[in-house]
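Here is what each chain is made of, one letter per residue.
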Amino acid sequence: MSTENLPQSPEQPPRKPRVAVVFGGRSSEHGISVVTAGAVLKAIDRTKYDVLPIGITQDGRWALTADEPDRMAISDRRTPSVDQLAESTEGGVVLPVDPASREVVYSEPGSVPKALGEVDVVFPVLHGPYGEDGTLQGLLELSGVPYVGSGVLASAVGQDKEYMKRVFTSFGLKVGPYVVIRPREWGRDEAAARKKIVDFAGEHGWPLFVKPARAGSSIGITKVDDLSGLDEAIAEARRHDPKILVEAALTGREIECGVLEFEDGPRASLPAEIPPPDTHAYYDFEAKYIDSTPGIVPAPLTDEETAEVRRLAVEAFDAASCEGLVRADFFLTEDGEFVINEINTMPGFTPISMYPQMWQATGVSYPELVDRLVQAALRRPTGLR
């Protein structure tokens, strides 16, 4: 019998890619990560993607969280936490460990584990250690799940300010004077370690910036104007990281530039300038996120300076083998030279953050920025590449 005139069953529409937005984490930047995730959840195109929010608590538990971005904003000068959003105080989300499966499972004590479906790409909006530093990226590589942003090596290099500077120097990018004190040096002879910093100040002068070597969002950083403030600054930096970095203060303008991976390779945004904040000693955490000190976008630079900093930003992106996105931070010194300070492989990503603002000025809206990052991750395989 002919089936030509029989009613045909409609074809099933293709499944939308599923994006797991992973946020929070164990670092001191936990709260800002939650704020970033709220902005991404608001912006991501729900007609194009299915979304699964997964929060990592400060003690490391992977929690299924409410998809309520309005609850993920700074309120009363306080950042939110994953614990406030978690659907359970005990349940945990488990990523696949078999690259042949991308099934995510949720389990609670005393209950049968529940399959949450496959995940096609992870958007890890984590900042700092245990998320931005290559650790999560390594887990996703083992799981065979594509993810937004740089791979293991570039993430680790981008997190450790010492090795970041070493990489940049090896590629011919200019960095400012710095000295590093490692954990073993503190344990072997704390007085000698402190003297190393004092000698550095004697060579390069005050003020100095004392920083955790592997932290971001300006957390744990102290501007030290003289010897009297050094011990307190060291203690604050070591509270966040046993390895600290001390930098000489550079005189110049702070210039930032975003890099985004397009189909034909990385491109740089128009740059921004960070003016000295009126109510803060420098552009610290409070100035960035609580008081929202505005940057100048685009930066008032000459055409030649703009072209140069954009070129250098892409050069830094390539030097560290980055993927997806980077924010590159520079000083424009009084003699007209750009000195690179650092890169961020997962920069602040709230709508008021400089990275999306720079791309907005370049013609890429926040929703398009999120979409381009997800598409770049979907195009890229895991493993060696």
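Structural notes, computed from the coordinates. It should be emphasised that the depicted structure is a prediction, and the values quoted were computed from it without experimental measurement.

Now for the overall build of the protein. Scanning the protein from terminus to terminus reveals 11 helices and 16 strands. The C-alpha atoms of the protein give 22 Å as radius of gyration, which agrees with the globular expectation for 385 residues (21 Å, within 12%). By principal-axis analysis of the C-alpha atoms, the protein measures approximately 95 × 55 × 45 Å. Per-residue burial over the protein gives 53% buried out of 385 residues. Sequence-distant contacts, at least 24 apart, represent 66% of the contacts inside the protein between residues at least 6 apart. Total accessible area on the protein stands at roughly 17600 Å², and carbon and sulfur atoms take up 50% of it.

This part is about the packing of aromatic side chains. Tallying each qualifying case throughout the model produces 5 aromatic pairs. Ring centres of Phe-123 and Phe-349 lie 6.2 Å apart, and the angle between their planes is 65°; this geometry places the pair in the edge-to-face category. Remark: Phe-349 occurs in the loop between strand E16 (338–344) and helix H10 (354–362) and Phe-123 occurs in strand E7 (residues 121–124); sequence separation between them is 226 residues. What makes Phe-123 buried here is its relative accessible area of 0%. Its relative accessible area of 0% is what places Phe-349 among the buried residues. What links up through ring pairs into an aromatic cluster is the set Phe-123, Phe-349, Tyr-355 and Tyr-366. Across from the ring centre of Tyr-163, 6.0 Å away, lies the NZ or CZ of Arg-166, which sits over that ring. When the ring centre of Tyr-147 is taken as reference, the NZ or CZ atom of Arg-380 above it lies at 5.5 Å.

With that settled, the discussion passes to the sheet that holds strand E4 (residues 92–94). As summarised here, the arrangement of the 3 strands in space is E4-E5-E6, forming an open sheet in which the pairing is antiparallel. Strands with a single pairing partner mark the edges of an open sheet, and in this sheet they are E4 and strand E6 (114–118). For this sheet the average axis-to-axis angle between neighbouring strands, irrespective of direction, equals 25°.

Grouped together as the largest cluster of nonpolar side chains are 34 residues, with contacts concentrated most on Val-19, Val-21, Phe-23, Val-40, Phe-123, Phe-349 and Val-370. Of all the secondary structure elements, the ones that give two or more residues to this core are strand E1 (18–24), helix H1 (30–43), E7, strand E12 (252–262), H10 and helix H11 (366–379). Residues within four places of Val-370 in sequence aside, it is in contact with Val-40, Ala-43, Ile-44, Phe-123 and Phe-349.

By the definition in use, this model includes 31 salt bridges. Where Glu-141 meets Arg-385, a salt bridge forms, and the shortest distance between an N and an O atom there is 3.0 Å. One end of the pair, Glu-141, is in helix H2 (residues 135–143); the other, Arg-385, is in the segment after H11, and 244 residues separate them in sequence. Overall, Arg-385 belongs to the partly exposed group, its relative accessible area being 45%. Between Arg-372 and Glu-263 there is a salt bridge, with its nearest N and O atoms 3.3 Å apart. Taken together, the positions of Arg-372 in helix H11 and Glu-263 in the loop between E12 and strand E13 (265–268) put the pair 109 residues apart, joining distant regions of the chain.

Cysteine pairs can be linked by a disulfide, which is a covalent bond between their two sulfur atoms. As enumerated under the stated definition, the model contains 0 disulfides in all. For the unlinked cysteine Cys-257, the closest cysteine sulfur is that of Cys-322, found at 13 Å.

Turning our attention to the pairing of E1. Two faces belong to every sheet, and in a regular strand the side chains alternate between them. Most of E1 is tucked away: 7 of the 7 residues are buried. Handedness of the crossover is the feature at issue here: the chain leaves E1, passes through H1, returns alongside strand E2 (residues 50–56), and the resulting connection is right-handed.

This part takes up the environment of Thr-302. With respect to the helices, strands and loops of the structure, Thr-302 is situated in the loop between helix H8 (285–290) and helix H9 (303–319). Separated by 139 residues in the primary sequence, Thr-302 and Tyr-163 have C-alpha atoms spaced 32 Å apart.

Residue placement: Glu-68 occurs in the loop between strand E3 (62–64) and E4. Expressed as a C-alpha distance, the spacing of Glu-68 and Lys-42, which sit 26 residues apart in the sequence, is 8.7 Å.

Positionally, Glu-342 belongs in strand E16. It turns out Glu-342 is buried and unbridged, and the closest side chain with the opposite charge, Lys-161, is 4.1 Å from it. Polar contacts involving the side chain of Glu-342 include one to the side chain of Asn-344, which spans 3.2 Å. When sequence neighbours within four positions are dropped, the list of residues in contact with Glu-342 reads Lys-161, Met-164, Lys-211, Arg-327, Ala-328 and Asp-329.

Let's shift gears to the packing of H1 against H11. Where H1 contacts H11, the axes come no closer than 9 Å and their chain directions differ by 95°. On the basis of the axis angle, H1 is roughly perpendicular to H11. Counted together, Thr-36, Ala-39, Val-40 and Ala-43 of H1 and Tyr-366, Pro-367 and Val-370 of H11 form the full contact between these two elements. Its residues assigned to classes, the contact of H1 with H11 comprises 6 nonpolar, 1 polar and no charged.

Conventions and cut-offs
Residues numbered from 1 in each chain as written. Predicted model: local features only at pLDDT ≥ 70, side-chain atom pairs only at ≥ 80, totals over all residues. Heavy atoms only, no water. Helix = DSSP H or I, 4+ residues; strand = E, 2+ residues; numbered from the N terminus. Rg over C-alpha atoms; globule rule 2.2 N^0.38 Å. Buried < 20%, exposed > 50% of the residue type's maximum accessible area, 1.4 Å probe, protein only. Contact = heavy atoms within 4.5 Å. Areas by Shrake-Rupley, 256 points an atom, 1.4 Å probe, with all protein chains shown as cover. Phe/Tyr/Trp six-rings, centres within 6.5 Å; stacked < 30°, edge-to-face > 60°. Lys NZ or Arg CZ within 6 Å of the ring centre and 35° of its normal. Pairing = 2+ DSSP bridges. Axes fitted to C-alpha atoms, helices over the stretch in contact; angles between N-to-C directions. Core = buried A, V, L, I, M, F, W, Y, C linked by side-chain atoms within 4.5 Å. Salt bridge = Lys/Arg side-chain N within 4 Å of Asp/Glu carboxyl O. Disulfide = S-S within 2.5 Å. Right-handed = clockwise from strand over helix to strand, strands pointing away. Lys, Arg positive; Asp, Glu negative; His and termini not counted. Polar contact = N/O pair within 3.5 Å; in protein donor to acceptor, adjacent residues only side chain to side chain. Parallel < 35°, antiparallel > 145°, perpendicular 65-115°, else oblique. Nonpolar A, V, L, I, M, F, W, Y, C, P; charged D, E, K, R; others polar.

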